[in-house]
Structures are given as structure tokens and as C-alpha cells.
Amino acid sequence: MESIFHERQEGSLCAQHCLNNLLQGEYFSPVELSSIAQQLDEEERMRMAEGGVSSEEYRTFLQQPSVNMDDSGFFSIQVISNALKVWGLELILFNSPEYQRLGIDPINEKSFICNYKEHWFTVRKLGKQWFNLNSLLMGPELISDTYLALFLAQLQQEGYSIFVVKGDLPDCEADQLLQMIRVQQMQRPKLIGEETAQSRDQRLPRSDVDQAIEVNHPFDGTGMLDEDEENFQRALALSRQEIDMEDEEADLRRAIQLSMQGSNNSYSSKIGPQTYTISPRALQKLTQEVI
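Residues numbered from 1 in each chain as written. Predicted model: local features only at pLDDT ≥ 70, side-chain atom pairs only at ≥ 80, totals over all residues. Heavy atoms only, no water.

Caption draft 1: Quick peek at the packing of aromatic side chains. Summed over the entire model, instances satisfying the criterion amount to seven aromatic pairs. Following the ring pairs from residue to residue traces out a cluster consisting of Phe94, Tyr99, Phe112 and Trp130. (Phe/Tyr/Trp six-rings, centres within 6.5 Å; stacked < 30°, edge-to-face > 60°.)

Here it is in C-alpha cells:
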């Protein structure tokens, strides 16, 4: 796994992380992406000017902020698409009627770019295995072939836009190495900041109810769940809707992920094998602490 290039989240630069994780190297910087965005803005300005620089539409356009970037580091799909064209790559909407009519099994593709609101991340095949290269994770997450279609379907259900990356990706060390060997992942990578939040949880005073829950659901050290079951549960945990689950560990992760986003975005990750339990009262205290 050490050979896999994986940029972690910095600020709101997920578009940069998405591109670099896709291409497996430091191919784009914020300055380069900003230059592409400014070029797109100028092209749009020139098109609007064709209707007359004195028109109300043109004056309104000049007063509006750029739709291709903002001060936080967000970049639009147009910026990402133009950046990939430099490498002879193009994006096709995964759930478009045109693509669906092709009947291509996702496993036969090479990579996907996923977007929800202002977050972008890459799912890419390296060697003969698939990896979730989300910059919100501490490291790459291995995705089994059997789980890939379910993973993408779950993202679509949650409102993600998914794009298929077409073309030949640049050669990279990880792809060459993983053509010869297969890796195993004994523990799912955590979300950035999740370990710190869990440490805080362990320092919280435990009520009699908490202790009773731990007795009923002890950690027995038996390791991970069956891979397909664990993957399915993780897909459920990604949902941004109200999730009716009896497992309070999922509720805890949901509180953690909401605290990290600071917006309407929410992302979740199924991890294992260690389990922490928490009562609703303790969960409320943790939420107040980490926000």
C-alpha cells in the first residue's frame, strides 16, 4: 500500500487531491487549477460579450462570482475536465442514458471520479484491484471486485454524480507493482480526525448504561467481518439521511463525520475491527465537544 500515492485533505482542495490521486502524483497545484479556472471564466465572459457589453445580462454576469472556483479552494467539474484533457483523458457521466446503453460492467473500467456538492474523490483500479482514494481517509481503501458495483450504486442513491474516466492514465509505480502482487487490507482506513475523536470518547465518564452495553457487545478480538458484509455495512454508513441502526457505533461515527464537515456534507467510513460503544447521552456530550 505504501506505493500508492494518496493526498490527504487540506482545506477545500479536494479537486486537486482527486486529480493527483487519480494520476498518482503531484501533477496539479492550486495555482495551476486556478489558471485553468480563470481561462474558463474569460471564455465565458467573451461569450456573454457577444450579446453586447452594454446589455443587462453582461453587466449582471460581471457582478457574479466565478462558477469555476472560489477562495476556499473549490474547483468546478469544468476545471477538472479541462485539467484531464491535458493528459488526453475525458469524463463521461456514469449514469447518463448514453453510457448505460453501452452496458459496460464497472469492473472493466479504469477509474471513476465521484462528486457530492463540493467534494470530489477518486476510485481507481491499480494493478488488478480497486481502491477508494478519498482524500478524507487516512489512506487508500481496498474495494473488492464484487463490492465495486454496490459501492457505486450506493453513492448514486445518496446523490453523488459519478464520472467514468476514459483514456490512458499515466504510468505509475503502484499500478506496475500491483500487476504482479495482490494486497490485503486487515483494517479499513479511518476518516481524518476520527482517531482523535475516539480518544476523546474514551476519556468521557461512563454511565451504568454504557457499561451494560459494553457487556452485551464486547470486543472479542475475532477480527473483521466477512468482507462482503462489512463492505455493505460501510455503504449504508455513507448515507447522509437519517439511518435507523441499532449499532451505536454507527451513530458515533455519524456524529464525528458531521463535526468534521462543518457543512451539509457528510461522509462516513466503515472501520474495524475495534468497536467503541456510547450511550445517547455520551454521544450528545461528544458532539458538543468536537464541534
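Caption draft 2: A look at a nonpolar patch on the surface. A contiguous nonpolar patch, built from Leu177, Met180 and Ile181 and spanning about 300 Å² of accessible area, is present on the exposed surface. Mapped onto the fold, isoleucine 181 is located in the loop between helix 7 (173-178) and helix 8 (194-203). (Patch = residues over 30% accessible without salt bridge, like charges linked within 9 Å, V, L, I, M, F, W, Y side chains within 5 Å. Areas by Shrake-Rupley, 256 points an atom, 1.4 Å probe, with all protein chains shown as cover. Salt bridge = Lys/Arg side-chain N within 4 Å of Asp/Glu carboxyl O. Helix = DSSP H or I, 4+ residues; strand = E, 2+ residues; numbered from the N terminus.)

Caption draft 3: Structural view of helix 4 (residues 77-85). Within helix 4, the full set of buried residues consists of Val79, Ile80, Ser81, Ala83 and Leu84. On the buried face of helix 4, the contacting elements are helix 1 (14-23), helix 2 (30-49), strand 1 (90-93), strand 2 (111-116) and strand 3 (119-126). (Buried < 20%, exposed > 50% of the residue type's maximum accessible area, 1.4 Å probe, protein only. Contact = heavy atoms within 4.5 Å.)

Caption draft 4: Inspection of the sheet that holds strand 6 (residues 161-166) at higher detail. The strand order 1-6-2-3-4-5 describes an open sheet built from six strands, whose pairing is antiparallel. Each edge of the open sheet is held by one strand with a lone partner, namely strand 1 and strand 5 (141-143). Strand-to-strand twist across the sheet, computed as the mean angle between neighbouring axes with direction ignored, equals 30°. Where strand 4 (residues 129-132) meets strand 5, three bridges bridge the pair, whose relative direction is antiparallel. Looking at strand 5, one finds that asparagine 132 is bridged to glutamate 141. (Pairing = 2+ DSSP bridges. Axes fitted to C-alpha atoms, helices over the stretch in contact; angles between N-to-C directions.)

Caption draft 5: Expanded view of the environment of asparagine 115. Within the secondary structure layout, asparagine 115 lies in strand 2. Apart from residues lying up to four places away in sequence, asparagine 115 is in contact with Trp120, Gly159, Tyr160 and Ser161. Side-chain polar atoms of asparagine 115 contact the backbone oxygen of lysine 117, separated by 3.1 Å. Engagement of the side chain of asparagine 115 in a polar contact is seen with the backbone oxygen of histidine 119, the distance being 3.0 Å. (Polar contact = N/O pair within 3.5 Å; in protein donor to acceptor, adjacent residues only side chain to side chain.)

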